[in-house]
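Notes for the structure review
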Amino acid sequence: MRSPWLANHRILPVLIDRDLQDNEDFLKMTRKQLQDLTNTQNDDITPEFLIDLLRQRRVLVIIDHFSEMEKSTRDKILAALNENPFIALVFTSRVVGELQNLTKSILKPMRVEGKRISEFLGEYLKLRDFRNKFDDEEFYNACSRLNRMVGQREITIMLAKLYADQMIATKQGDTELPENIPDLMLSYLNQLHPQAGLDQQSIVHQDLKIIAWKCLENTYSPAPISRRTAKDALVSPDSNEIDSHLDYLQNKLNILLKVEPDKVKINLDPLAEYLAGLYLVQKYQDSASHWQNLLRDIDEKSEDQENNQGFLLALWDCCEIKKKDFKIPDFVIEELLKKANLDPEETKAWQRKQRIKKLIDELSTSEVEFRLRAVIDLQTMGKDANPAIPRLRRLLEDNTEIAKIRIEAAKALKQFEQEIPMIIAQINNGVESIGLKEHPPTNKIDLGNKVILEMVPIQSGIFLMGAPETKKDSRDSESPQHSVTIQNFCIGKYPVTQAQWRAVAALPRINKELEADPSNFKGEQRPVEQVSWHDAVEFCDRLSSHTKRQYRLPSEAEWEYACRARTTTPFHFGETITSELASYNATETYGAGVKGTYREETTPVGSFEVANAFGLYDMHGNVLEWCLDDWHDNYEGSPTDGSAWLDNNDDNLSQKQGNVVLRGGSWRNYSGYCRSAYRYSDTQDYYSYHIGFRIVCAAGMVLQ
């Protein structure tokens with residue numbers, strides 16, 4: 001039976017880890033290293049004695065980083081193997097390459113498969129007596145993060161160990177786990193001198209990035225460089241200061257290793273590759289020409305792409321992570337993947353899958369900002385993110401969750417074509433909350449080409465119209481408050497959209513022509529705007545003729561009754577309003593409200609996913625809405641039966657002139673102008689990019 005041992009006696013190890021000088025040969029170098037190891041003189045170890053030791057396997061020659069050595073050195077070593085009895089040899093090499101014809105046993109570094117990462121981390125933490133410091137959720141989240149970081153690749157034990165050490169560091173001090181491998185490498189550097197301040201850490205990072213690139217720029221594989229080369233690369237007017245920096249890296253941090261009397265290298269090859277990658281990203285940024293030159297040079301200098309795969313993947317990682325910060329051209333990332341023998345499309349698909357998995361995990365995290373970010377990001381992921389639906393629905397239905405997250409969860413579910421309940425928002429004492437209700441039944445008007453106009457039935461009732469004089473921003477035109485009785489009617493669930501307008505504008509003319517696409521802010525589901533009162537009346541006339549039902553603009557009383565939905569506060573949300581619930585000019589506040597987003601344009605109808613108690617959307621803001629009534633300066637003498645207040649009871653609306661009423665405020669108005677009670681007026685021929693309308697139909701009214 002063959003022995004598992006190289007020999008049954010002790011062997012002297014001799015390490016060869018540098019290039020041979022022009023006047024050196026491999027046998028002489030081995031002899032010199034053995035003399036240094038045994039503290040003997042030249043006469044004690046003669047060339048003949050060395051050959052005898054080699055033949056008897058008394059000396060084990062270890063050639064480190066063979067593939068990164070200069071070609072002249074590799075040639076000398078291979079020639080020496082043919083001429084001398086090197087029987088016990090160990091090569092470390094990134095590729096088999098020129099060792100192909102040697103009789104050998106190949107040992108590859110152990111790698112950790114993605115599915116076994118948690119197993120490795122658990123065992124390592126147990127070994128360090130830290131596994132019990134992590135509860136199951138913390139440990140699972142940490143393992144998932146590393147899985148996302150490494151992607152499709154198996155990882156080395158060294159990389160997994162670095163990450164596990166960072167996990168331990170989170171329990172020992174004020175630090176967080178890195179989000180990606182480049183940050184993991186920088187975190188490792190910080191861990192070597194934990195007492196250093198941010199400025200000192202930044203200096204170390206920058207110095208090592210420069211040195212790392214110098215170690216790789218000739219062959220794109222980590223290789224030793226002279227201390228002089230490192231010194232010249234670090235820019236400083238004081239050479240003594242540079243020497244002190246190098247001494248700190250070499251003697252204090254042990255990051256730089258002395259491999260020859262005058263040469264140094266970074267102690268870990270992956271660290272050198274990632275630091276060099278970060279250096280290039282920071283240097284080239286969005287310069288397409290610099291990146292093209294680099295990629296061309298990689299092709300020209302690379303004898304074997306496999307030898308450079310570590311650097312190519314590290315550079316790709318750095319580009320992928322920093323592409324938004326530095327605007328890295330897309331072609332760079334794709335080319336690096338190809339050179340590293342990874343399919344760009346498969347990688348993108350895998351990244352998307354992992355991104356979705358990460359976002360789904362973050363829906364359950366305790367940090368509000370992470371949950372909110374995850375919900376918003378999932379809205380853009382399409383059907384690939386369908387696995388998120390159960391958790392999104394739980395968020396929506398969780399009464400203890402903050403309102404904004406619940407609303408955004410509803411938006412995400414809508415993107416996934418899921419049915420969601422009606423959401424009603426309330427703001428009390430500055431705190432927003434939401435309730436869920438079933439949607440009320442609607443009457444659907446089919447306008448063709450899948451364009452539907454929904455009408456919501458509104459039950460009769462009595463309400464107090466107008467605003468008390470003591471209310472903030474109330475105006476004389478909103479008084480006196482008075483009781484109004486409203487009969488059953490139906491009203492548009494949303495303001496009329498551009499798609500609905502285009503469908504009706506194509507119907508036969510009744511009294512005037514209609515422009516098919518009048519709006520300034522384009523979008524099928526945005527409200528139509530830049531339509532006059534007469535245009536809106538013509539829309540109603542055409543729709544009435546087409547459907548044989550009587551449609552018209554709402555009376556001012558109907559509009560306010562529908563907007564309030566049995567509330568008595570300035571807004572159906574409560575005492576104030578926020579830009580998270582409506583589109584208006586939120587650069588000023590109302591009551592206890594806060595400043596918010598001024599979008600400076602219309603938004604798609606219903607896009608805030610928040611209705612009032614009647615099931616109506618966009619009653620505050622977005623577009624001002626035409627009403628049927630003539631303008632009157634106040635409510636003295638106004639009808640109390642909910643009908644429109646028309647001078648002379650003129651039924652020929654297409655010929656009317658004068659000012660009419662607008663309600664609801666718009667995207668360009670401050671919050672006070674969006675109140676339920678606020679009244680505005682303009683001429684019937686006026687149109688603007690902040691004016692639209694919605695329609696009503698008296699319940700049961702049919703044209704003869």
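Whatever comes next refers back to the structure up there.
Computed from a predicted structure; not experimentally measured.

How each quantity is defined
- Here, residues in each chain are numbered from 1, in the same order as that chain's written sequence.
- For a predicted model such as this one, the threshold for reporting local features is a pLDDT of at least 70, and the threshold for listing and counting side-chain atom pairs is 80 or more; totals across whole chains, interfaces and linings nevertheless cover every residue.
- Note that water and hydrogens are dropped before the side-chain values are worked out from all heavy atoms of the structure.
- By nonpolar core is meant a set of buried Ala, Val, Leu, Ile, Met, Phe, Trp, Tyr and Cys residues that side-chain atoms within 4.5 Å join together.
- Residue exposure (1.4 Å probe, protein chains only): buried if accessible area is under 20% of the type maximum, exposed if over 50%, otherwise partly exposed.
- Numbering goes from the N terminus for both helices and strands, where a helix is a DSSP run of H or I of at least four residues and a strand is a run of E of at least two.
- Contacts are residue-level and defined by heavy atoms, with any inter-residue pair within 4.5 Å sufficient.
- Salt bridge criterion: a side-chain nitrogen from Lys or Arg within 4 Å of a carboxyl oxygen from Asp or Glu.
- For a helix, the expected span equals 1.5 Å multiplied by the number of residues minus one.
- The arc under discussion is defined with respect to the helix axis, by the directions toward the C-beta atoms.
- Lines fitted to C-alpha atoms define the axes here, with helix axes fitted over just the stretch in contact, and angles between the N-to-C directions of these axes take values from 0 to 180 degrees.
- Here the angle decides the label: under 35 degrees means roughly parallel, over 145 means roughly antiparallel, 65 to 115 means roughly perpendicular, and every other value means oblique.
- Note on convention: near helix rotated counterclockwise from far helix by under a right angle means a left-handed crossing. Clockwise means right-handed.
- Each residue is assigned to one class: nonpolar for Ala, Val, Leu, Ile, Met, Phe, Trp, Tyr, Cys and Pro, charged for Asp, Glu, Lys and Arg, and polar for all the others, Gly among them.
- Only centres within 6.5 Å qualify two rings of Phe, Tyr or Trp (six-membered ring in Trp) as a pair; their planes then separate them into stacked at under 30 degrees, edge-to-face at over 60, and tilted for everything else.
- We call a charge positioned over a ring when the NZ of a Lys or the CZ of an Arg lies within 6 Å of the ring centre and within 35 degrees of the ring normal.
- Whenever a pair of cysteine sulfur atoms sits within 2.5 Å, that pair is classed as a disulfide.
- Two strands form a pair only when DSSP identifies at least two bridges running between them.

Details of the nonpolar core
Core analysis: the largest hydrophobic core is formed by 78 residues, its most contacted members being Leu121 and Trp291. Top contributing element to this core by residue count: helix α11 (residues 269-284), with ten residues. Beyond its immediate chain neighbours, meaning those up to four positions away, tryptophan 291 contacts Leu280, Val281, Tyr284, Gln285, Leu315, Cys319, Ile328, Pro329, Phe331 and Val332. Grouped together as the second largest cluster of nonpolar side chains are 38 residues, Leu363, Ala374, Leu413 and Phe571 included.

Focus on the pattern of salt bridges
A side chain with one charge may pair with a side chain of the opposite charge, provided their charged atoms come close. Within this structure, the stated rule accounts for 43 salt bridges. Note that glutamate 362 is salt-bridged to arginine 373, the shortest N-O span being 2.9 Å. In this pair, glutamate 362 is assigned in helix α15 (residues 344-362) and arginine 373 in helix α16 (residues 368-378), connecting sequence segments eleven residues apart. Accessibility expressed as a relative area gives 11% for glutamate 362, which makes it buried. Two residues, glutamate 513 and arginine 509, come together in a salt bridge whose shortest N-O distance is 3.2 Å. For glutamate 513, a relative accessible area of 54% gives the class exposed.

Description of helix α3 (residues 71-83)
With 13 residues, α3 ought to run about 18 Å at 1.5 Å a step, and its terminal C-alpha atoms sit 19 Å apart, in line with that. Looking at α3, one finds that the buried residues are Thr73, Arg74, Ile77, Leu78, Ala80 and Leu81. Down the axis of α3, the buried side of the element spans an arc of 160°, and every buried residue falls inside it. In α3, the exposed residues that point more than 90 degrees away from the buried face are Asn82 and Glu83.

Details of the packing of helix α13 (residues 309-326) against helix α14 (residues 330-339)
With their axes 9 Å apart at the nearest point, α13 and α14 run at an angle of 155° to one another. Between α13 and α14, the angle falls in the class roughly antiparallel. The two elements α13 and α14 meet at a crossing, and its hand is left-handed. Two secondary-structure elements touch here, α13 through Leu312, Leu315, Trp316, Cys319, Glu320 and Lys323 and α14 through Val332, Ile333, Leu336, Leu337 and Lys339. Each residue belonging to the contact of α13 with α14 can be placed in one class, and the counts come to eight nonpolar, no polar and three charged.

Regarding unusual backbone geometry
Between serine 479 and proline 480 the backbone carries a cis peptide bond, its omega angle lying at -5°. On the secondary structure map, proline 480 appears in the loop between β13 (461-465) and β14 (482-486). The phi dihedral of asparagine 254 falls on the positive side, at around 55°, and the residue is not glycine. Locating asparagine 254 in the fold gives a position in the loop between α10 (239-252) and β7 (256-260). Phi angles above zero are rare outside glycine, and glutamate 600 is one such case at about 65°. Since its relative accessible area comes to 51%, glutamate 600 is described here as exposed.

Things to note about the packing of aromatic side chains
A full pass over the atoms with the stated rule returns 19 aromatic pairs. Ring geometry for tryptophan 501 and phenylalanine 539: centres 5.6 Å apart, planes at 10°, overall stacked. Note that tryptophan 501 is positioned in helix α19 (residues 498-505) and phenylalanine 539 in helix α20 (residues 533-547), a separation of 38 residues in sequence. Here tryptophan 501 and phenylalanine 539 have matching classes, each one buried. Aromatic rings pair up to connect Trp213, Tyr220, Tyr279 and Phe311 into one cluster. Over the face of the ring belonging to phenylalanine 139 we find arginine 131, whose NZ or CZ atom lies 4.0 Å from the ring centre. Directly above the aromatic system of phenylalanine 130 lies the positively charged group of lysine 133, at a separation of 4.8 Å from the ring centroid.

Some thoughts on the environment of serine 483
With respect to the secondary-structure elements, serine 483 resides in strand β14. C-alpha separation for the pair serine 483 and glycine 466, spaced 17 residues apart in sequence, amounts to 9.2 Å. Among residues more than four places away in sequence, those in contact with serine 483 are Ile462, Phe463, Leu464 and Thr640.

Here's the deal with the state of the cysteines
This model, assessed by the stated rule, comprises zero disulfides. Considering cysteine sulfurs only, cysteine 490 is the nearest to cysteine 697, which forms no disulfide, with 5.9 Å between them.

Overview of the pairing of strand β9 (residues 422-428)
Across the seven residues of β9, five count as buried, placing the element largely inside the fold. Two strands pair when backbone bridges link them, and β9 and strand β10 (residues 431-437) are joined in this way by seven bridges, in the antiparallel orientation. Residue asparagine 428 lies in a different strand from β10, and its bridge partner there is valine 431. Between β9 and β10, which pair antiparallel and follow one another directly, the connecting turn spans two residues, one of which, asparagine 429, has a positive phi of 55°.

Things to note about the side chain of asparagine 585
Of note, asparagine 585 is situated in the loop between α21 (556-564) and β17 (624-630). The exposure class assigned to asparagine 585 is buried, which follows from its relative accessible area of 6%. Apart from the residues within four sequence positions on either side, asparagine 585 is in contact with Tyr598, Trp667, Arg668, Asn669, Tyr670 and Ser671.

Some points on the sheet that holds strand β19 (residues 679-683)
Two orientations exist for strands paired in a sheet by backbone hydrogen bonds: parallel and antiparallel. Strand order in the open sheet made by the four strands is β19-β18-β17-β20, with mixed pairing throughout. With partners counted over all chains shown, the strands left at the sheet margins are β19 and β20 (691-692), one partner each. Pairing geometry for β17 and β20, over two bridges, is parallel. Each residue of the ladder has a partner; that of leucine 624, found in β20, is isoleucine 691.

Examining α11
Given a rise of 1.5 Å per residue, 16 residues ought to cover 22 Å, and the 22 Å separating the end C-alpha atoms of α11 matches this to within 8%. Following α11 by one or two positions, glutamine 285 adopts a phi angle in the positive range, close to 45°.

Topic: the sheet that holds strand β6 (residues 225-226)
Taken in spatial order, the three strands make up an open sheet running β6-β8-β7, and their pairing is antiparallel. Unpaired on one side and paired on the other, β6 and β7 mark the two borders of the sheet.

Section: the side chain of aspartate 535
Structurally, aspartate 535 is set in helix α20. For aspartate 535, a relative accessible area of 12% corresponds to the buried category. Residue contacts for aspartate 535: discarding those within four places in its chain leaves Trp501, Lys512, Glu513 and Leu514.

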